[in-house]
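Coordinate analysis (summary)
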Amino acid sequence: MNLFREDPNLAFILKQYLDGEMYAWAEQELNEFGERCGTDIDRRAAHTDREGQPRLIKYDKFGDDISEVWVNEGYRQTIAETYNRGIVGYVHKEIPELGRKGGYMYSYAQGYLLSQAEPGFYCPVTLTMATAYLLDQYADEGVKQKFLPHVVSTGETELFEGATFLTERQGGSDVGANEVKALLNGERYKLYGEKYFASNAGMCGVAMVLARREGAPEGTKRLSLFAVPWRKEDGSVNGLQLRRLKDKLGVRAVPSGEVVFEGADAYLVGDPTKGFYYMMEALNLSRVCNAIASIGIMQRAFLEAKKYAYKRNAFGKRLADFPMVKETLADMAVKQEVEASAIFSIIPLFERVMLKKEQMSTDDVAMNRLLIALLKMETAEQAIRFAHEAIEMHGGNGYIEDFVTPRLLRDAQVLTVWEGTANILGLEVLRLIHKYNVHHAFTKRMREEMKALPEQWRNQKAVIEQGIRQLEGAVAILARESNDIQTFHCKRVARLMTKIYESVIALKDAVIGGERKQIIADIYLRNAWEGKEVDLEMLQVRYFDVLMNEGVQVGT
């Protein structure tokens, strides 16, 4: 199975954002990588999930603590294949064939395909992307040269995977409660303390770690960021130990553990008073990755449900011939395509804000944070729903580990937690409303984009306009209420914003995507805004074959 060729919508999206030269190169690369993801990488993922999970080798034969993580050989092959194709490297350096950088659009397209086979492995890639960003943007030249060439390696030098260690036992999402200490020792620092949930521990070559310098006050504002190599130049462990690996429900490919710093050498990155600010920028990057992983799981769940429905017979017919099954599959196709388009639509703004190539307005910076929060929340919840639907489509088989569906559900569940739960993201939206009046920028942009759409969509635009007015009314009412009432409603406000944004995206796709995208927009808006108990039009059944893309090839 070639996951790129199974998904014409990805090509449709990329053609909107990549120029001809870049698209031609990316199409070939993604076609090859999609084949690998649908075959060998997928098989390795199943092996890693069940028999070949990472294991901690705590001590060597002499009883010395080496805190080493063993991964299976297939896992290492996936590491080489994925990084050598530039999923991290070509964001920061030129593609040899083109003499230009690939940027985040190509990286996220690659991550989307990878996540359909192995969301657990996309987590270390995400952490490496964040590490590369922080080093590239904020490290001084000496620290940058020491680590960045390895972090962005595409095979020409030893690869250092990255990691970002924030979470402590007493803090969790409350990063301001962090207690890891950084003591100055000559030209560099020594770290002491513990990180309680550290993903890619033992596999990373360098970790970005938040710690508090001696004498710095409590809270987030004086946390500093450090680059901490896992090993010293002589190969010995760098003053740290890995206490244990977590026994997780899913994403078992990534080793997550408890790391204890016992005088680890650490290199200060950037302004020592802005570590938390730097890490929050990296968190936005990771949230986009989280959403990419979510839509990847959604797509794989849809493909598995669709293929099973066409193959499985019941009561003398294929499952795919039953109207209720057609509705389920059609609604999955509609939601997944709109969701994917929405995620990729925010990447150009994200890239401009993150790379600081131009002066960005306050509204742009706030909108970037808002859209990331909205879509991270929505996609994570949808990934779980899609995995559930795929299991139900398979019946009892869907609950058996011989099929991929149980792993999809287990892997999807963590995406609602990593990079911020729905509650945390709802509070983020509320903060953006309070601090930046981001709802004004949001409604202004939505109205401008609808105004640019053809008049033939006036009825659908009127539906969205009603939603915008509903949003404005809700925010105005809540502005007069207590903080408790505002926080109670913040997720409701966020979900209304998401529905508005995705509705506009669906209409924009319909304008350029032809009849099939027009059908998708119509069904999406009906599902989002109408909720009829009796729907005699049954568009999902009427246009089922069109929505399933039967016979459609990438590039058509």
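Residues numbered from 1 in each chain as written. Predicted model: local features only at pLDDT ≥ 70, side-chain atom pairs only at ≥ 80, totals over all residues. Heavy atoms only, no water.

Bringing the pattern of salt bridges into the picture now. Within this structure, the stated rule accounts for 44 salt bridges. Linking Arg100 and Asp19 is a salt bridge whose minimum nitrogen-to-oxygen distance equals 2.7 Å. Of this pair, Arg100 sits in strand β4 (residues 100-101) while Asp19 sits in the loop between α1 (8-17) and α2 (20-38), and the two are 81 residues apart along the sequence. We classify Arg100 as partly exposed; its relative accessible area is 26%. In this structure, Lys144 engages Asp136 in a salt bridge whose closest nitrogen and oxygen atoms are separated by 3.9 Å. Look at the salt bridges and you will find they share partners, linking Arg36, Asp40, Arg43, Arg44 and Glu81 into a network. (Salt bridge = Lys/Arg side-chain N within 4 Å of Asp/Glu carboxyl O. Helix = DSSP H or I, 4+ residues; strand = E, 2+ residues; numbered from the N terminus. Buried < 20%, exposed > 50% of the residue type's maximum accessible area, 1.4 Å probe, protein only.)

Moving on to the side chain of Ser107. Positionally, Ser107 belongs in helix α6 (residues 103-117). Excluding residues within four positions of it along the chain, Ser107 makes contact with Ile87, Val91 and Met129. (Contact = heavy atoms within 4.5 Å.)

For the structure shown, the criterion picks out 15 aromatic pairs. Here the aromatic rings of Tyr112 and Phe344 are separated by 6.2 Å at their centres, their planes lie at 85°, and the arrangement is edge-to-face. Taken as a pair, Tyr112 in helix α6 and Phe344 in helix α10 (residues 323-345) lie far apart in primary sequence, 232 residues in all. Phe344 matches Tyr112 in its accessibility class, with the two residues each being buried. Ring geometry for Tyr138 and Tyr278: centres 3.9 Å apart, planes at 20°, overall stacked. A residue pair is termed long-range when its members are at least 10 positions apart, and Tyr138 in helix α7 (residues 119-138) and Tyr278 in helix α9 (residues 275-311) qualify at 140 residues. Clustering of aromatic rings is evident, with ring pairs tying together Tyr133, Tyr138, Tyr277 and Tyr278. Taking the ring centre of Trp70 as reference, the NZ or CZ of Arg55 above it sits at 4.0 Å. Directly above the ring of Phe322 sits Lys317, whose terminal nitrogen or CZ lies 4.5 Å from the centroid. (Phe/Tyr/Trp six-rings, centres within 6.5 Å; stacked < 30°, edge-to-face > 60°. Lys NZ or Arg CZ within 6 Å of the ring centre and 35° of its normal.)

Listing the buried residues of helix α8 (residues 141-151) in full gives Val143, Lys144, Phe147, Leu148, His150 and Val151. Along the long axis of α8, the arc covered by the buried residues comes to 165°, so they all point the same way. Turned more than 90 degrees away from the buried face of α8, the exposed residues are Glu141 and Gly142. In this structure, the buried side of α8 is in contact with α7, β8 (204-213), β9 (223-229) and β11 (256-269). (Arc of directions from axis to C-beta.)

This brings us to the domain arrangement of the protein. Taken domain by domain, the protein consists of domain 1 (8-152), domain 2 (162-272) and domain 3 (277-548). Placing a centre on the C-alpha atoms of domain 1 and another on those of domain 3 gives a separation of 25 Å. Across the contact, 33 residues belong to domain 1 and 40 residues belong to domain 3. In total, domain 1 and domain 3 occlude about 3,100 Å² of area from one another, counting both sides; carbon and sulfur atoms represent 66% of this. (Domains from an automatic or database assignment. Buried area = accessible area lost by both parts, 1.4 Å probe.)

With that settled, the discussion passes to the pairing of β8. For β8, a buried count of nine out of ten residues is recorded, marking the element as mostly surrounded by other parts of the structure. As paired elements, strand β5 (residues 161-165) and β8 share five bridges and run parallel to each other. Within β8, the residue paired with Gly162 across the bridge is Val206. Pairing analysis gives two bridges linking strand β6 (residues 181-185) to β8, with the strands arranged parallel. (Pairing = 2+ DSSP bridges.)

Feature annotation in UniProt places "domain: Acyl-CoA dehydrogenase/oxidase C-terminal" (unreviewed entry) on residues 274-427, given in this structure's numbering. Helix makes up 77% of residues 274-427 and strand 3%, with an end-to-end C-alpha separation of 22 Å. (UniProt positions renumbered as here; feature names shortened; annotations may be inferred.)

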